[in-house]
Amino acid sequence: MSTSTSAILGLIFLGLANASVFLMFKLWGYPFDKETHTSEAPPSLMLLHRLIGYAYAILYIFMMWHMVPRLWNYQVELPPRTVAHLMLGIIIGVLILVKIAILRFFRHFEESMPYIGTCLLICTYLLIGLSVPFTFREAALRTQTGAFSDEGIARTRKLLENAGLPAAASLDELASKRKLREGQHVLQRKCVICHDLRTILVKPRTPTDWVRLVNRMAIKPMIGEPIHQEEEWTVSAYLIAITPDIQVSMREQRQQQMRADEAKEAVQIATVAMEAEAATGVPAVVYNEAEAKVLFEDKCSQCHPLTDVEDYPPRSQEETTEVIARMIEHGLYLEEEEIEILTRYVNENYLEE
């Protein structure tokens with residue numbers, strides 16, 4: 001089942017939940033005989049509510065039937081959003097079972113049905129909110145940039161000419177949006193059974209290298225369903241199409257690593273300068289306590305509360321240097337002069353005696 005189909009079914013699922021719960025609220029407004037467990041609500045509305053409930057349960061089973069097997073494709077620990085999605089799905093299933101059990105066998109608990117229905121509605125909103133918006137956002141990005149844009153498809157079509165694909169492979173068809181999406185699905189469903197995506201997309205490759213790599217992987221013994229020849233072509237085309245994105249990602253990683261290395265060097269220089277200042281009494285930079293406090297609050301509050309420094313102060317000047325270097329490595333940008341000012345401010349105000 002494609003992600004777009006899954007998103008549409010999710011919205012229908014949410015619509016059924018809303019219809020069922022709010023219709024239930026209306027039905028519970030009619031007089032109800034607790035001894036006979038009968039309501040004076042119109043039979044047509046009662047039947048409509050029952051049919052909506054059946055449709056909700058059937059759609060839940062259908063979606064779980066298609067989505068749960070995807071969990072076996074994960075080689076590593078599940079991402080947090082997937083874990084939350086799974087837990088909400090389990091809770092909804094349990095609530096549906098409890099609701100059916102009360103209706104069929106434990107009618108003396110029937111007064112709890114509005115609460116169970118409300119819990120189902122809340123869980124459904126959370127479940128759909130964790131998946132559908134991201135699906136539509138991904139679909140919008142596909143049509144605007146990257147491999148699925150018109151420019152990306154034209155570039156992919158040209159690269160496929162020198163990829164070494166057999167004559168039976170239709171290059172025009174492989175460079176279409178439909179085939180590129182098929183290649184993406186093959187990568188997500190079959191390739192991840194044996195490989196983590198982070199290892200597959202670790203570095204860009206030439207079109208010929210991608211085709212050879214996919215072919216080599218396809219002919220190896222597999223745990224799951226084998227990759228067929230046409231799937232080899234589609235996943236190769238998709239990997240060729242996203243290679244520019246992999247190149248951009250690697251370039252950004254290199255630049256980030258270079259900035260981190262430069263920052264570490266700047267921290268070491270600042271440390272030497274402060275040691276020289278302590279020995280000679282001549283300040284390396286102009287230091288103003290009030291300005292240093294403003295700089296500290298501005299920079300250090302970008303990633304964590306300032307109370308973290310108070311709760312876990314550095315125990316030595318070396319630890320202060322290590323902490324600032326680590327913050328820079330995580331993305332904090334500081335000039336060399338700011339590094340020295342921050343280091344001095346933290347040492348003077350937070351260093352444990």
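Before going into details, it helps to say that this report is about the structure given with it. (Residues numbered from 1 in each chain as written. Predicted model: local features only at pLDDT ≥ 70, side-chain atom pairs only at ≥ 80, totals over all residues. Heavy atoms only, no water.)

Here we take up a nonpolar patch on the surface. Together, Val 83, Met 87, Ile 90, Val 94 and Val 98 line one region of the surface with nonpolar side chains, adding up to about 390 Å² of accessible area. The residue Val 94 is located in helix α3 (residues 80-104) in this model. Among the residues examined, Val 94 registers a relative accessible area of 45% and is labelled partly exposed. (Patch = residues over 30% accessible without salt bridge, like charges linked within 9 Å, V, L, I, M, F, W, Y side chains within 5 Å. Areas by Shrake-Rupley, 256 points an atom, 1.4 Å probe, with all protein chains shown as cover. Salt bridge = Lys/Arg side-chain N within 4 Å of Asp/Glu carboxyl O. Helix = DSSP H or I, 4+ residues; strand = E, 2+ residues; numbered from the N terminus. Buried < 20%, exposed > 50% of the residue type's maximum accessible area, 1.4 Å probe, protein only.)

So, on to the pattern of salt bridges. Under the definition given, this model contains 8 salt bridges. Residues Arg 178 and Glu 182 are paired through a salt bridge, measuring 3.0 Å at the closest nitrogen-oxygen approach. Residue Arg 178 and its partner Glu 182 are both found in helix α8 (residues 177-189); the two are separated by 4 residues, about one turn of the helix. We classify Arg 178 as partly exposed; its relative accessible area is 47%. The shortest N-O distance in the salt bridge between Lys 179 and Glu 230 comes to 2.6 Å. Of this pair, Lys 179 sits in helix α8 while Glu 230 sits in helix α11 (residues 229-280); the two residues are 51 residues apart in sequence, bridging distant segments of the chain. By sharing partners, the salt bridges in this structure join Glu 173, Arg 178, Lys 179, Glu 182 and Glu 230 into a single network.

Okay, the side chain of Thr 243 next. Locating Thr 243 in the fold gives a position in helix α11. A polar side-chain atom of Thr 243 sits 2.8 Å from a polar atom in the side chain of Trp 210. A polar side-chain atom of Thr 243 sits 2.8 Å from the main-chain carbonyl oxygen of Leu 239. Setting aside residues up to four positions removed in sequence, Thr 243 forms contacts with Pro 204, Arg 205 and Trp 210. (Polar contact = N/O pair within 3.5 Å; in protein donor to acceptor, adjacent residues only side chain to side chain. Contact = heavy atoms within 4.5 Å.)

Right, let's get into the packing of aromatic side chains. Within this structure, the stated rule accounts for 4 aromatic pairs. With a centroid separation of 4.2 Å and 15° between ring planes, the pair formed by Phe 13 and Tyr 56 is classed as stacked. Placement of Phe 13 in helix α1 (residues 3-27) and of Tyr 56 in helix α2 (residues 43-67) is noted, with a sequence separation of 43 residues between them. Judged by relative accessible area, which is 6%, Tyr 56 ranks as buried. When the ring of Phe 105 is compared with that of Phe 106, the centres are 6.3 Å apart and the planes differ by 65°; the resulting orientation is edge-to-face. Using a relative accessible area of 39% as the deciding quantity, one classes Phe 106 as partly exposed. One aromatic cluster in this structure is built from Phe 13, Tyr 56 and Tyr 60. A cation sits over an aromatic face here: Arg 205 above Trp 210, 5.6 Å from the ring centre. (Phe/Tyr/Trp six-rings, centres within 6.5 Å; stacked < 30°, edge-to-face > 60°. Lys NZ or Arg CZ within 6 Å of the ring centre and 35° of its normal.)

Approximately 970 Å³ is the volume found for the second largest pocket. Counting residues per element, the ones that place at least two in the lining of the second largest pocket are α1, β2 (38-39), α2, α3 and α4 (113-129). At 9 residues, the largest contribution of residues to the lining of the second largest pocket is made by α2. Looking at the lining of the second largest pocket, its residues break down into 20 nonpolar, 8 polar and 5 charged. (1 Å grid on protein atoms, 1.4 Å probe; cavity = no way out; pocket = protein on both sides within 12 Å on 5 of 7 lines; lining within 4 Å. Points joined across faces, edges and corners; volume = space filled by probe spheres on them. Nonpolar A, V, L, I, M, F, W, Y, C, P; charged D, E, K, R; others polar.)

Compared with the 36 Å implied by 1.5 Å per residue over 25 residues, the 36 Å span of α3 between its first and last C-alpha is a close match. Buried within α3 are the following residues: Thr 82, Leu 88, Gly 89, Ile 92, Gly 93, Leu 95, Ile 96, Lys 99 and Ile 102. (Expected span 1.5 Å × (residues − 1).)

Inspection of the secondary structure puts Phe 296 in helix α12 (residues 289-300). C-alpha separation for the pair Phe 296 and Glu 338, spaced 42 residues apart in sequence, amounts to 9.3 Å. Leave out the neighbours within four places in its chain, and Phe 296 touches Ser 301, Leu 306, Val 309, Leu 342, Tyr 345, Val 346 and Tyr 350.

Attention now goes to the environment of Gly 129. Relative to the helices and strands, Gly 129 resides in helix α4. Residue Gly 129 is classed as partly exposed on the basis of its relative accessible area, which comes to 38%. Along the backbone, Gly 129 and Leu 11 are 118 residues apart, and their C-alpha atoms lie at a distance of 9.8 Å.

With that settled, the discussion passes to the nonpolar core. Residues Phe 13, Tyr 56, Ile 92 and Ile 96 are the most contacted members of the largest nonpolar core, which totals 33 residues. Listing elements by their share of this core, those giving two or more residues are α1, α2, α3 and α4. No other element matches the 10 residues that α1 contributes to this core. Residue contacts for Tyr 56: discarding those within four places in its chain leaves Phe 13, Leu 16, Ala 17, Ile 92, Ile 96, Leu 120 and Thr 124. Listed in part, the 28 residues of the second largest apolar core include Ala 169, Ala 218, Ala 241 and Ile 246. (Core = buried A, V, L, I, M, F, W, Y, C linked by side-chain atoms within 4.5 Å.)

Attention now moves to helix α10 (residues 207-218). Over its 12 residues, α10 extends 17 Å from the first C-alpha to the last, a length consistent with the 16 Å expected when each residue adds 1.5 Å. Along α10, the positions that sit buried rather than exposed are Pro 207, Trp 210, Val 211, Leu 213, Val 214 and Ala 218. End-on view of α10: buried residues confined to an arc of 165°, all on one side of the axis. (Arc of directions from axis to C-beta.)

Moving on to the packing of α3 against α4. One can describe the packing of α3 onto α4 by two numbers: an axis separation of 10 Å at closest approach and a directional angle of 160°. On the basis of their axis angle, the class for α3 and α4 is roughly antiparallel. Crossing handedness for the pair α3 and α4: left-handed. Residues His 85, Leu 88, Gly 89, Ile 91, Ile 92, Leu 95, Ile 96, Val 98, Lys 99, Ile 102 and Leu 103 of α3 pack against Met 113, Ile 116, Cys 119, Leu 120, Cys 123, Thr 124, Leu 126 and Leu 127 of α4. Across the contact of α3 with α4, the residue classes tally to 15 nonpolar, 3 polar and 1 charged. (Axes fitted to C-alpha atoms, helices over the stretch in contact; angles between N-to-C directions. Parallel < 35°, antiparallel > 145°, perpendicular 65-115°, else oblique. Left-handed = near helix turned anticlockwise from the far one by under 90°.)

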